[in-house]
Amino acid sequence: MNHPVSSLARGIAHVTGSALGPYQTAVVRIGFGATWLLFLLREFPHRHELYGPDGPWSRELAGQLVADNGSFTALLWLDGRVWFETVYAVAVLSAALLVLGWRTRTASMLFMVGVLSLQNRSVFVGDGGDNVLHLMSVYLVFTRCGQVWSLDARRARRARGGRVRDRAGPALWGVLGLVLIAAAVTGRLDGDRFVPALLTGVWLAQALWWLAGRRARGGETRALLDVVANIAHNGALLVIMAEACLIYATAGWYKVQGARWQDGTAVYYPLHLDHFSPWPGLAGLLSASGTLVMLLTYGTVIAQVAFPFTLFDRRVKNVLLAVMIAEHAAIAVVLGLPFFSLAMIAADAVFLPTPFLRRLGGRAARARGRLGRGGGGRAPVPGQRGREDARRPHVGFRT
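Just so it is clear, the model here is predicted, and its values are computed rather than measured.

Cut-off values and rules
Residues numbered from 1 in each chain as written. Predicted model: local features only at pLDDT ≥ 70, side-chain atom pairs only at ≥ 80, totals over all residues. Heavy atoms only, no water. Axes fitted to C-alpha atoms, helices over the stretch in contact; angles between N-to-C directions. Helix = DSSP H or I, 4+ residues; strand = E, 2+ residues; numbered from the N terminus. Parallel < 35°, antiparallel > 145°, perpendicular 65-115°, else oblique. Left-handed = near helix turned anticlockwise from the far one by under 90°. Contact = heavy atoms within 4.5 Å. Nonpolar A, V, L, I, M, F, W, Y, C, P; charged D, E, K, R; others polar. UniProt positions renumbered as here; feature names shortened; annotations may be inferred. Core = buried A, V, L, I, M, F, W, Y, C linked by side-chain atoms within 4.5 Å. Buried < 20%, exposed > 50% of the residue type's maximum accessible area, 1.4 Å probe, protein only. Patch = residues over 30% accessible without salt bridge, like charges linked within 9 Å, V, L, I, M, F, W, Y side chains within 5 Å. Areas by Shrake-Rupley, 256 points an atom, 1.4 Å probe, with all protein chains shown as cover. Salt bridge = Lys/Arg side-chain N within 4 Å of Asp/Glu carboxyl O. Polar contact = N/O pair within 3.5 Å; in protein donor to acceptor, adjacent residues only side chain to side chain. Phe/Tyr/Trp six-rings, centres within 6.5 Å; stacked < 30°, edge-to-face > 60°. Lys NZ or Arg CZ within 6 Å of the ring centre and 35° of its normal.

Colleague: Please clarify how the packing of helix α2 (residues 22-42) against helix α16 (residues 338-348) should be interpreted in this entry.
Modeller: Packed helices, taken two at a time, are described by their axes: the angle between them and the distance between them. For the pair α2 and α16, the least separation of the axes is 8 Å and the interaxial angle reads 170 degrees. Put simply, α2 runs roughly antiparallel to α16. Where α2 crosses over α16, the two elements pack in a sense that is left-handed. Between α2, through Val 28, Gly 31, Phe 32, Thr 35, Leu 38, Phe 39 and Arg 42, and α16, the contact on the second element is made entirely by Pro 338, Phe 339, Leu 342, Ala 343, Ala 346 and Ala 347. Considered class by class, the residues forming the contact of α2 with α16 number ten nonpolar, two polar and one charged.

Colleague: Which parts of the structure should I look at to understand the UniProt feature "transmembrane region" (unreviewed entry) in the protein chain?
Modeller: Sites flagged by UniProt as "transmembrane region" (unreviewed entry) map to residues 82-102, 171-188, 194-212, 224-251, 282-307 and 319-347. Strand forms 0% of residues 194-212 and helix 100%; the C-alpha atoms that close the span are 26 Å apart.

Colleague: Is there a simple way to think about the nonpolar core in this case?
Modeller: The tendency in soluble globular proteins is for nonpolar side chains to be buried as a group. Phe 32, Trp 36, Leu 40, Phe 111 and Leu 118 are the most contacted members of the largest nonpolar core, which has 58 residues in total. Mapped by element, the contributors of at least two residues to this core are α2, α5 (81-100), α6 (104-121), α7 (129-139), α11 (220-256), α14 (290-310), α15 (314-334) and α16. Looking at this core element by element, the count peaks at nine residues for α2. If near-sequence neighbours (up to four positions away) are discounted, Phe 32 is found in contact with Phe 111, Val 132, Leu 133, Met 136, Ala 343, Ala 346 and Ala 347. Listed in part, the 17 residues of the second largest apolar core include Val 113, Val 138, Leu 199 and Trp 203.

Colleague: Help me understand a nonpolar patch on the surface in this model?
Modeller: Judged by side-chain polarity, Trp 279, Leu 282, Leu 285 and Val 333 come together as a nonpolar surface patch covering roughly 410 Å² of accessible area. Mapped onto the fold, Val 333 is located in helix α15.

Colleague: Even after reading the chapter, I still don't get the side chain of Arg 47, so can you show me in this structure?
Modeller: Residue position: Arg 47 is located in helix α3 (residues 47-50). A polar atom in the side chain of Arg 47 sits 3.1 Å from the side chain of Glu 85.

Colleague: Would you mind going over the environment of Leu 189 with me for this structure?
Modeller: Examined against the element boundaries, Leu 189 turns out to sit in the loop between α9 (168-185) and α10 (194-215). Classification of Leu 189 as buried rests on a relative accessible area of 11%. Distance in space between the C-alpha atoms of Leu 189 and Phe 72 is 8.2 Å, their sequence separation being 117 residues.

Colleague: Is there a simple way to think about the packing of aromatic side chains in this case?
Modeller: Inspection of the entire model under this criterion finds twelve aromatic pairs. Taking the centre distance of 5.5 Å and the plane angle of 90 degrees together, the rings of Tyr 268 and Tyr 269 count as edge-to-face. Tyr 268 gets classed as partly exposed once you look at its relative accessible area, which sits at 34%. According to the relative accessible area criterion, Tyr 269 is partly exposed, its value standing at 42%. Cluster of aromatic residues (ring-pair linked, three or more members): Trp 36, Phe 39 and Phe 339. The ring of Trp 209 has Arg 222 sitting right over it, with the charged end atom 4.2 Å from the ring centre. We note Lys 255 situated over the ring of Trp 261; from NZ or CZ to the ring centre the distance is 5.3 Å.

Put into structure tokens, the structure is as follows:
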């Protein structure tokens, strides 16, 4: 009778005592941040046609749609090119800061605001990867995705567990608070309820965390907040994994019902569409073999349907995960869908094994150290210090 109780107690302590998967969430953070950043930079010359005042989807039509579905977009708060350029610049800056891991809690909030504002402004812009990015931008707000491979982690290491004077955090909190209050007072947040509530909740939690670090003598308040943050992180990590499984499961079972997927010819047709043929010669080479087309068609369906079930076996999961990543890389090249593929690879990264990520981080750190030897000192290896960073209390504002 004591064995189930003790196992349950250990499980609860494991979930509440630490933020699980620090390397996986760091890869997801970097992957989605880089995907959105590269997309915004590539479309920078066309930003006015896609999301701005020169687009075919006018401000009036966007306002009607937002009023009907209650979605969130800051682009409709004000009219004019200055406001549009400001929102676009914030979206670019927040994506870059999320990749670097600077003030990741705040950067993740701004990242979500940028993604939702632009995508809900013009809902017909996207290639499928935008839906994944849309969801993951919300989930990342709940994660502690800056524990490793981030400027936040480096700042925590330099503090060495001591007390540091944090000026940037409170200043950033104050500026964003004024913007949030102004938007609420002027009625800009009257439509959607979830996003404003989430922004307000995180903003208040940041203040509570800062006050607990300054005033709490015994550390009980800080420990309680740490437990709440761990629970939120672990829950969001589970949701991200479930979302990736759901995407593959629904896509696979939907394909099973299609006649072209059943007869093994479905892959042939997109290879001959002008809009999805950046390399016609390569597409023609792949479609020239009927056997190869059949294997790719059936293999895609089998991999997508089977992927959620392979999570029960680590070795099979890793093999199939490599196949899925290779498939998305091929889609990026052959069909000309790089950002869709990057978004899916970033979602797949949540299942990558920790030893592989630690080795990858170690190699990246050594390569960076060789490039920057003139800077004096050897760069720390994230794989060697990740567990220490995860246990060490964060200083200043929450990351």
